[in-house]
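# Summary of structural features
Residues per chain are reported as follows:
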Protein chains: 2
Amino acid sequence: MPSVADRVADELRLQLAEGILLPRARLTESTIAEDLGVSRNTVREAFAELASERLVVRHPNRGVFVASLEPGDIHDVYTVRRVIEVSAIRGGGSPEAVAAVRAAVEEGRLAAAANDDEGLGTANQHFHKAIVALAGSRRLNTIMAQVLAEMRLFFHKATMDAHFYSGYLKDNEEICAALEAGELERAAELLLAYLDRSEEKQAEVHGE
Amino acid sequence: MPSVADRVADELRLQLAEGILLPRARLTESTIAEDLGVSRNTVREAFAELASERLVVRHPNRGVFVASLEPGDIHDVYTVRRVIEVSAIRGGGSPEAVAAVRAAVEEGRLAAAANDDEGLGTANQHFHKAIVALAGSRRLNTIMAQVLAEMRLFFHKATMDAHFYSGYLKDNEEICAALEAGELERAAELLLAYLDRSEEKQAEVHGE
DNA sequence: AATCGAAGGATTGTTGAACAATCGCTAAAT
DNA sequence: ATTTAGCGATTGTTCAACAATCCTTCGATT
């Protein structure tokens, strides 16, 4: 049912998330068209989709490249996250939405017990996705989804360090507890502190 | 220097903003290609661009239509605005950014003096764009730009009523003054109240 | 008469090939 | 060593064709 262009975009998104395609890598239309057995024109449409999600950058007449976040971009991304996530948590949200946050915390706990670093990362993303979902806005959800997708792009370096996520589980648990207890202001403060620390870590890893 | 697809997208964006293309109108690839003297394929790429901005909706195998906001969308858009604008103003911002807000207020005052309803509307958009710019985030700016573009789509109905904007000038002036005085919390409250009232008005106009 | 279903027409989705425009690189010339 | 000229590869765009899908109309059935 999904169009071919969509499936091509999905495949590329997957390869981006898996780290098969690394930042700054060049994507040549003809080779991808051949590899996936589709027309060059279709690849083009897929590129347009990915470009609109900032996963890929178009350099006119030069080609498209896997996006790479520079120091300024890291701060920018975290600014967006602070604005959206903190506002969302301040709003409280429906019981089901809060339950989704709790579920993400549990998912993380399970992944940690299984020593599944990969799962730990996605659980964390689910957690922050659930935080934004508190606001109950379709548009905010898609914005957040895009930001998270953008972040996955340069998380691979960081993921190498298994200790990168160390401690964030406790943070999430604490934030979730405050949220459930209705201590929204406290939850917001904790979340903000977490984001600041996370940005700092990212800046270190990507620092030069 | 801009690509043909970009120029087609620009032209369509213009026609959307001008109200030449009304919500729910159908955009047929072949006619647009003919009208603008470009290939159908190029029109397709332009469509992809507009669809990513939510100005246009793709119904698979049925065509693309000018987006039309439904009651739920109106609330959703204002939720995004509340989250982003209020957060931005709470952050304060650089003196130049504050000056830009003031400039937008003046722009509105001039338009009002000239009885220029059209100008009044764009001045208001500049005002809110400047508010978001306080946060100094490229991503937040583009998000806000898209939201405003989305709103222009269904503002045409409202613009008929010249009194629709009545009073908002004073609001902006007051918000700006509070911002300049460093009374950020008060500015945020005023802005929030304005957005709530604005949403209510929109819901009335589009209500059924 | 109302409902259902089968052509028919129109539009989108996708392909393939072609060509111009543009860029990066290499090699020649000063 | 610097500049220039040209070459090769890739993108940007067009065109033409065909398959897939949808909407409508028309007719058949009950």
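### With respect to the interface of chain A and chain B
Much of the literature gives interface size as the accessible area that the parts lose upon coming together. Across the boundary between the two partners, chain A contributes 25 residues, which contact 25 residues of chain B. Three residues stand out in chain A for area buried against chain B, namely E45, R54 and R139 of chain A, and they jointly supply 30% of the buried area on that side. At the boundary of chain A with chain B, the tally comes to ten salt bridges. At the surface where chain A touches chain B, the tally comes to 15 residue pairs in polar contact (both at pLDDT 80 or more). In terms of residue count, helix α4 (residues 71–90) of chain A provides more of the side of chain A that touches chain B than any other element does, nine residues in total. Its residues assigned to classes, the side of chain A that touches chain B shows nine nonpolar, seven polar and nine charged.

### Looking at the sheet that holds strand β2 (residues 56–59) of chain B
All names here are of chain B. Pairing within the open sheet is antiparallel, and its three strands lie in the order β1-β3-β2. At either margin of the open sheet sits one strand with a lone partner, and together these are β1 (26–27) and β2. For β1 and strand β3 (residues 63–66), the ladder comprises two bridges, and the chain directions are antiparallel. Bridging from a neighbouring strand, R26 pairs with F65 of β3. Across the face of the sheet, helix α3 (residues 40–52) comes into contact with β1, β2 and β3 while running at roughly 115 degrees to β2.

### Here we look at the packing of helix α1 (residues 4–18) of chain A against helix α3 (residues 40–52) of chain A
Residue and element names in this part refer to chain A. Orientation of α1 relative to α3, taken along the N-to-C sense of each, is 60 degrees, at an axis distance of 8 Å. Taken together, the axes of α1 and α3 are oblique relative to one another. In the packing of α1 onto α3, the handedness of the crossing is right-handed. Between α1, through V4, A5, D6, V8, A9, L12 and R13, and α3, the contact on the second element is made entirely by T42, E45, A46, F47, E49 and L50. Within the contact of α1 with α3, the residues separate by chemical class into eight nonpolar, one polar and four charged.

### Thoughts on helix α8 (residues 168–180) of chain A
Residue and element names in this part refer to chain A. With 13 residues, α8 should cover 18 Å at 1.5 Å per step; its first-to-last C-alpha distance of 18 Å lies within 8% of that length. Among the residues of α8, Y168, D171, N172, I175, C176, A178 and L179 are the ones counted as buried. All buried residues of α8 lie within an arc of 160 degrees about the axis, which places them on one face of the element. Immediately beyond the C-terminal end of α8, within one or two residues, lies G182, with a positive phi of roughly 80 degrees.

### Structural notes on the pattern of salt bridges
If the charged atoms of two oppositely charged side chains come close together, the side chains can form a pair. Counted according to the given criterion, the structure contains 46 salt bridges over all chains. In this structure, the salt-bridge partner of R109 of chain A is E106 of chain A, at a minimum N-O distance of 3.4 Å. Taken together, the positions of R109 of chain A and E106 of chain A, both in helix α5 (residues 95–113) and three residues apart, correspond to about one turn of that helix. Residue classification places R109 of chain A among the partly exposed residues on the basis of a relative accessible area of 44%. One connected set of salt bridges, linked through shared partners, spans D73, D76 and E150 of chain A together with R138 and R139 of chain B.

### A short note on the relation of the copies chain A and chain B
Expressed as a screw transformation, the operator carrying chain A onto chain B has a rotation angle of 180 degrees and an axial translation of 0.1 Å, and the superposed copies differ by an RMSD of 0.1 Å. Those values place the two copies in the arrangement expected of a two-fold rotation axis. Mapped onto chain B, 100% of the interface residues of chain A are again interface residues, and the two copies thus contact each other with one and the same surface.

### A few points about the environment of G37 of chain A
Residue and element names in this part refer to chain A. Within the element layout of this structure, G37 appears in the loop between α2 (29–36) and α3. G37 gets classed as exposed once you look at its relative accessible area, which sits at 64%. A C-alpha to C-alpha distance of 41 Å links G37 and V101, two positions 64 residues apart in sequence.

### Quick notes on the protein's contact with DNA strand D
Near DNA strand D lie 21 residues; those nearest to it are R40 and R44 of chain A together with V4, T42 and R62 of chain B. Taken together, the sugar and phosphate atoms account for 72% of what DNA strand D places within 4 Å of the protein. Here a phosphate oxygen of DNA strand D and a backbone polar atom of V4 of chain B are 2.4 Å apart. In the environment of DNA strand D, a phosphate oxygen lies 2.2 Å from a nitrogen or oxygen atom belonging to the side chain of T42 of chain B. Residue composition of the surface near DNA strand D, grouped by class: four nonpolar, nine polar and eight charged.

### Section: the protein's contact with DNA strand C
Around DNA strand C there are 21 residues in total, and V4, T42 and R62 of chain A together with R40 and R44 of chain B lie nearest to it. Backbone sugar and phosphate groups make up 72% of those atoms of DNA strand C lying within 4 Å of the protein. Within the side chain of T42 of chain A, one N or O atom sits 2.3 Å away from a phosphate oxygen of DNA strand C. Here R62 of chain A contributes a side-chain N or O atom positioned 2.8 Å from a phosphate oxygen of DNA strand C. At the level of elements, α1 and α3 of chain A together with β1 and α3 of chain B are the ones that each hand at least two residues to the surface near DNA strand C. Here the surface near DNA strand C is built from residues that sort into five nonpolar, nine polar and seven charged.

### Considering the domain arrangement of chain A
All names here are of chain A. Its domain assignment divides chain A into domain 1 (4–66) and domain 2 (71–206). For domain 1 and domain 2, the distance between their C-alpha centres works out to 28 Å. Listed as interface residues are ten residues of domain 1 and, on the opposing side, six residues of domain 2. The tally of links between domain 1 and domain 2 comes to zero residue pairs in polar contact (both at pLDDT 80 or more). Looking at which element gives the most residues to the side of domain 1 that touches domain 2, the answer is α1, with three residues. Of the residues contributing to the side of domain 1 that touches domain 2, the split by class is five nonpolar, two polar and three charged.

Rules of the game
Residues numbered from 1 in each chain as written. Chains lettered and ligands numbered in written order. Predicted model: local features only at pLDDT ≥ 70, side-chain atom pairs only at ≥ 80, totals over all residues. Heavy atoms only, no water. Contact = heavy atoms within 4.5 Å. Buried area = accessible area lost by both parts, 1.4 Å probe. Salt bridge = Lys/Arg side-chain N within 4 Å of Asp/Glu carboxyl O. Polar contact = N/O pair within 3.5 Å; in protein donor to acceptor, adjacent residues only side chain to side chain. Helix = DSSP H or I, 4+ residues; strand = E, 2+ residues; numbered from the N terminus. Nonpolar A, V, L, I, M, F, W, Y, C, P; charged D, E, K, R; others polar. Pairing = 2+ DSSP bridges. Axes fitted to C-alpha atoms, helices over the stretch in contact; angles between N-to-C directions. Parallel < 35°, antiparallel > 145°, perpendicular 65-115°, else oblique. Left-handed = near helix turned anticlockwise from the far one by under 90°. Expected span 1.5 Å × (residues − 1). Buried < 20%, exposed > 50% of the residue type's maximum accessible area, 1.4 Å probe, protein only. Arc of directions from axis to C-beta. Least-squares fit on C-alpha atoms with pLDDT ≥ 70 in both. Near = heavy atom within 4 Å. Domains from an automatic or database assignment.

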